[in-house]
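# An overview of the molecular structure
Each chain, letter by letter, is given below.
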Amino acid sequence: MTSSTKNNTSKEKPNKEAVDTVAPNQKTDDISLDTASTEKSSGLLAGIIERATKSGLGRRKLNPSAVEADVAKNMEQVRDNPDQLRLAFLGGGSFGTAMANLAARNGCDTTLWVRNKRTVKSMAKSQMNKKYLSGYKLDESLKYSHDLASAVKDKDIIFLAVPSLAFRETLKSIAPFITGQSVVSLTKGMEKDTFALMSDIIKDELPEVNFGVMSGPNLAIEIMKNMPSATVIASHSEPLRHAVQAALHSAFFRVFASDDIRGVELGGALKNIYAIAMGMAAAYDVGENTKAMLLTRALAEMSRFGVEAGANPLTFLGLSGVGDLYATCSSELSRNYQIGNMLGRGMNIDAAVKKLGQTAEGVNTIQQVHEKASKDGIYMPITHALYAVIYEDKAALGVALHLMEAGFRSDVEFVMPHDYSNAALTAQMQAAASNPDDQEQDSDSKNNAENVTNTDDDSVENKDAKKSTAKNDSASKDKK
Ligand SMILES: NC(=O)C1=CN([C@@H]2O[C@H](COP(=O)(O)OP(=O)(O)OC[C@H]3O[C@@H](n4cnc5c(N)ncnc54)[C@H](OP(=O)(O)O)[C@@H]3O)[C@@H](O)[C@H]2O)C=CC1
Ligand SMILES: O=C(CO)COP(=O)(O)O
């Protein structure tokens, strides 16, 4: 721990921030223009930041392992003294505010960046986010800024809680000010047209940073009400995982760890699709059996898509998978659920989004996942059905009935691979049909196959079968 770190905790007088960073007890028309920031930077990564600055190392040359080593060295003290962490939260919506508030309450030196200058002034004055979390008082130590540079400079960790559509542009804007900070995404979505997850965008825009993603069942309003909640920080960097745990952990909020970045991130992004489906189903007054079927088949789709994207399917059994799926699919607080409910009551998508007036990532994620799954032959019947209802104007009841008639599938395909139920059989049928010399089959398998082809006419399913057969072929070739 550097001596400056030891001597400078957030309990002492805070550093002067640059232009437009407003501490709550500071008059907003009296914002300091002192950009000198004369006090030495403090906190976990201070040593690294200092070293990089002194040696004139360019951002691209910074060695992330040195950053990790610096954090690791100090972890023991940080666990006991989270108030040594200096954090920036970017995004003044409900989630950025709720998380920044948790960190500030834990004693971390915390700045919330909000893009609108007038909102910054109003938040600093009222200590409230009137637009997104009206009525909830924020911790008095929380600082507010609309100046990105001053918000992120000399911080240990930068948390991004902007909507996915603004994620890349926000990273581009902070890139010139990155020295040794770590970056953590709180955003649950997929970039339009590129299918990129937020961690992909971080790797694109800031290839050298130490990063993580955080996701879990975290409805912002429940967190503001101190209702016990938990989340997951996923990172390949153990020190970063520990630092995030130390920053946010409290009696009301537990932070679990994972190193499956893909799985944790996909859990948060994909569950929004099914929250829309569940909101819509609720508008039709469906029963508990139906909800349970929707929820568990959603989980099957999520983990199937996840595996194709390189995630560990077991991650979907954790907080960021089944946990968030459950919370978002069963709560009217979920904006995605609300969108689905409005659709189910006859509103069109544009009107529903306008009425909501807040972020519902699922609206974009459905389109991205529908396109990606169709292109790559990943079997995602609920997503395709929802897409057909929302974007192709198909009748919801007809689409739901068609879903119910889809062929015989394995329940948990990681226990009994789908090949053993009917995909392999379908593939055999296709092969037999295209090879007239091979028409002799025993009557049992003929009956089975007829069953399959009668009920299982979904073209994506057929693709699935071909893909499985191709995978098996190449696996057996590999063995040879
Ligand atoms: N709310 C929740 O319970 C949770 C949300 N999340 C995720 O967090 C992310 C943010 O959602 P949430 O906080 O709920 O969103 P909100 O709808 O509550 O707020 C969106 C915020 O983003 C700002 N914003 C919009 N566009 C831009 C932009 N181009 N550049 C910078 N800021 C912008 C808005 O500013 P302005 O007001 O000026 O338009 C507003 O402050 C989403 O990915 C969401 O899925 C994750 C867990 C829980
Ligand atoms: O992700 C969330 C809870 O974990 C918030 O869900 P909504 O974005 O649907 O409100």
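Residue positions are given per chain, counted from 1 along the sequence in the order it is written. All chains are assigned letters beginning at A, and all ligands numbers beginning at 1, according to the order in which they are written. Only residues with pLDDT of 70 or above have their local features reported here, since the model is predicted, and side-chain atom pairs are shown and tallied only from 80 upward, although totals for entire chains, interfaces and linings are computed over all residues. For the side-chain quantities, the full set of heavy atoms in the structure was used; hydrogens and water were omitted.

Time to look at the layout of surface pockets. Approximately 840 Å³ is the volume found for the second largest pocket. Lining the second largest pocket are 30 residues, and of these M293, L294, A400, L403 and M404 sit closest to its centre. Counting from the N terminus, the helices are DSSP H or I runs at least four residues long and the strands are E runs at least two residues long. Elements with a minimum of two residues in the lining of the second largest pocket: α11 (261-283), α12 (288-308), α17 (381-391) and α18 (396-404). Each residue belonging to the lining of the second largest pocket can be placed in one class, and the counts come to 22 nonpolar, three polar and five charged. Domain ranges listed in this record stem from an automatic or a database domain assignment. The residue makeup of the lining of the second largest pocket includes at least three contributed by each of domain 2 (267-404) and domain 3 (409-474). A 1.4 Å probe that fits but cannot get out identifies a cavity on a 1 Å grid over protein atoms alone, an open set with protein on both sides within 12 Å along at least five of seven lines counts as a pocket, and a residue lines either if it has an atom within 4 Å of a point. Grid points are joined across faces, edges and corners, and a volume is the space filled by probe spheres set on the points. Asp, Glu, Lys and Arg are counted as charged, while Ala, Val, Leu, Ile, Met, Phe, Trp, Tyr, Cys and Pro are counted as nonpolar; the rest, among them Gly, fall into the polar class.

In a packed pair of helices, the relevant descriptors are the angle between the two axes and the axis-to-axis distance. In this description, a line fitted to the C-alpha atoms serves as the axis of each element, helices being fitted only across the stretch in contact, and the angle between N-to-C directions of two axes falls anywhere from 0 to 180 degrees. As a packed pair, α17 and α18 sit with axes 9 Å apart at the nearest point and diverge in direction by 160°. Relative to α18, the element α17 is oriented roughly antiparallel. Both α17 and α18 take part in a crossing whose hand is right-handed. Residues P381, I382, A385, A388 and V389 of α17 touch α18, and the partners they reach there are A396, V399 and L403. Broken down by class, the residue content of the contact of α17 with α18 amounts to eight nonpolar, no polar and no charged. Note on terminology: angles under 35 degrees are roughly parallel, angles over 145 are roughly antiparallel, angles of 65 to 115 are roughly perpendicular, and the others are oblique. Each crossing is labelled by how the near helix is turned from the far one, with a counterclockwise turn of less than a right angle marking it left-handed and a clockwise turn marking it right-handed. Residues count as neighbours in contact if any of their non-hydrogen atoms are within 4.5 Å of one another.

For the rest of this paragraph, the subject is the UniProt feature "binding site: NADPH" (unreviewed entry) in the chain. Under the feature "binding site: NADPH" (unreviewed entry), the UniProt entry names S94, F95, R115, Y132, K188, A220, R335 and E361. Summarising the element assignment, S94 is placed in helix α4 (residues 94-105). Classification of residues uses two cut-offs on accessible area relative to the type maximum, computed with a 1.4 Å probe and protein chains only: under 20% is buried, over 50% is exposed, and between them is partly exposed. Overall, the relative accessible area of 11% leaves S94 in the buried class. Looking at where K188 falls in the secondary structure, it is placed in the loop between β6 (182-185) and α8 (198-205). Overall, the relative accessible area of 15% leaves K188 in the buried class. UniProt positions are given in the numbering used here, feature names are shortened, and annotations may be inferred rather than shown by experiment.

Attention now goes to the environment of G318. Checked against the element boundaries, G318 lands in the loop between α12 and α13 (319-330). Judged by its relative accessible area of 26%, G318 falls in the partly exposed class. Counting along the chain gives 55 residues from G318 to G263, while the straight-line C-alpha distance between them is 9.7 Å.

Geometry of aromatic contacts follows a simple scheme: Phe, Tyr and Trp rings, the Trp one being its six-membered ring, pair when their centres are within 6.5 Å, and the pair is stacked under 30 degrees between planes, edge-to-face over 60, tilted otherwise. Across all of its chains, the model carries two aromatic pairs by this definition. On the basis of an interplanar angle of 0° and a centroid distance of 4.4 Å, the ring pair of F89 and F159 is categorised as stacked. Taken together, the residues F89 in strand β2 (residues 86-90) and F159 in strand β5 (residues 157-160) connect sequence positions 70 residues apart. Each member of the pair, F89 as well as F159, carries the same accessibility label: buried.

Only a single heavy atom is needed: when it lies within 4 Å of a molecule or strand, its residue is near that molecule or strand. Every one of the 23 residues lining ligand 1 counts as a neighbour, but R115, Y132, R335, T359 and E361 are closest to it. With respect to ligand 1, the backbone of G93 contributes an N or O atom lying 3.0 Å from an oxygen atom. Take R115: an N or O atom from its side chain is 2.8 Å from an oxygen atom of ligand 1. Across the complex, the protein chains shield 88% of the 900 Å² of accessible surface that ligand 1 would expose by itself. When residues of the shell around ligand 1 are assigned to domains, at least three map to each of domain 1 (3-259) and domain 2 (267-404). Counting of polar contacts relies on pairs of N or O atoms within 3.5 Å, with two restrictions inside protein: one atom must be capable of donating a hydrogen and the other of accepting it, and residues adjacent in sequence are counted only when both atoms are side-chain atoms. For the accessible areas, the method is Shrake-Rupley and the probe is 1.4 Å, while residue cover comes only from the protein chains on display.

It is worth spelling out the pairing of strand β3 (residues 109-113) at this point. Within β3, five of the five residues are buried, which leaves it mostly tucked inside the rest of the structure. Covered by surrounding structure in β3 are D109, T111 and W113 together with T110 and L112, the residues of both alternating faces. Strand direction decides the pairing type here: β2 and β3, joined by five bridges, are parallel. Note that in β3 the partner of L87 across the bridge is T110. As for the winding sense of the linkage, the β-α-β connection from β2 through α4 to β3 is right-handed. The pairing criterion for strands is at least two bridges between them, as found by DSSP. With three bridges connecting them, β3 and strand β4 (residues 143-145) associate as parallel partners. Bridge pairing in β4 places W113 opposite S145. Crossover handedness is defined by viewing with both strands directed away from the observer: a clockwise path from the first strand over the helix to the second marks the crossover as right-handed.

Taken together, the residues surrounding ligand 2 are K188, G216, P217, N218, L219, K271, D324, T328, S334, R335 and N336. Taking N218, its main chain carries an N or O atom lying 2.9 Å from an oxygen atom of ligand 2. Here N336 contributes a side-chain N or O atom positioned 2.7 Å from an oxygen atom of ligand 2. Starting from 310 Å² of accessible surface for ligand 2 in isolation, the protein chains cover 91%. Put simply, the parts of the chain that give the shell around ligand 2 at least two residues each are α13 and α14 (335-344). Per-class residue counts for the shell around ligand 2 are two nonpolar, five polar and four charged. Shared between two domains, the shell around ligand 2 takes at least three residues from each, and those domains are domain 1 (3-259) and domain 2 (267-404).

Another aspect to go through is a nonpolar patch on the surface. Taken together, the side chains of V307, V412, F414, V415 and M416 define a hydrophobic patch exposed on the protein surface, amounting to about 440 Å² of accessible area. The topology assignment puts F414 in the loop between α18 and α19 (423-433). Residues form patches when they are more than 30% accessible in relative terms and have no salt bridge. Like charges link within 9 Å. Nonpolar side chains (Val, Leu, Ile, Met, Phe, Trp, Tyr) link within 5 Å. We define a salt bridge as a contact between a side-chain nitrogen of Lys or Arg and a carboxyl oxygen of Asp or Glu at a distance within 4 Å.

Grouped together as the largest cluster of nonpolar side chains are 47 residues, with contacts concentrated most on L270, Y274 and I339. Within the residue set of this core, elements represented by two or more residues are α11, α12, α13, α14, α15 (349-356), α16 (362-376), α17 and α18. Here this core takes twelve residues from α11, the largest share from any one element. Apart from the residues within four sequence positions on either side, Y274 is in contact with A298, E301, M302, L325, C329, M380, I382 and T383. Residues belong to a common nonpolar core when they are buried Ala, Val, Leu, Ile, Met, Phe, Trp, Tyr or Cys residues joined through side-chain atoms within 4.5 Å.

This part is about the UniProt feature "domain: Glycerol-3-phosphate dehydrogenase NAD-dependent N-terminal" (unreviewed entry) in the chain. The feature "domain: Glycerol-3-phosphate dehydrogenase NAD-dependent N-terminal" (unreviewed entry), as given by UniProt, occupies residues 87-238 in the numbering adopted here. The span residues 87-238 is 32% helix and 21% strand, and its two end C-alpha atoms sit 18 Å from each other.

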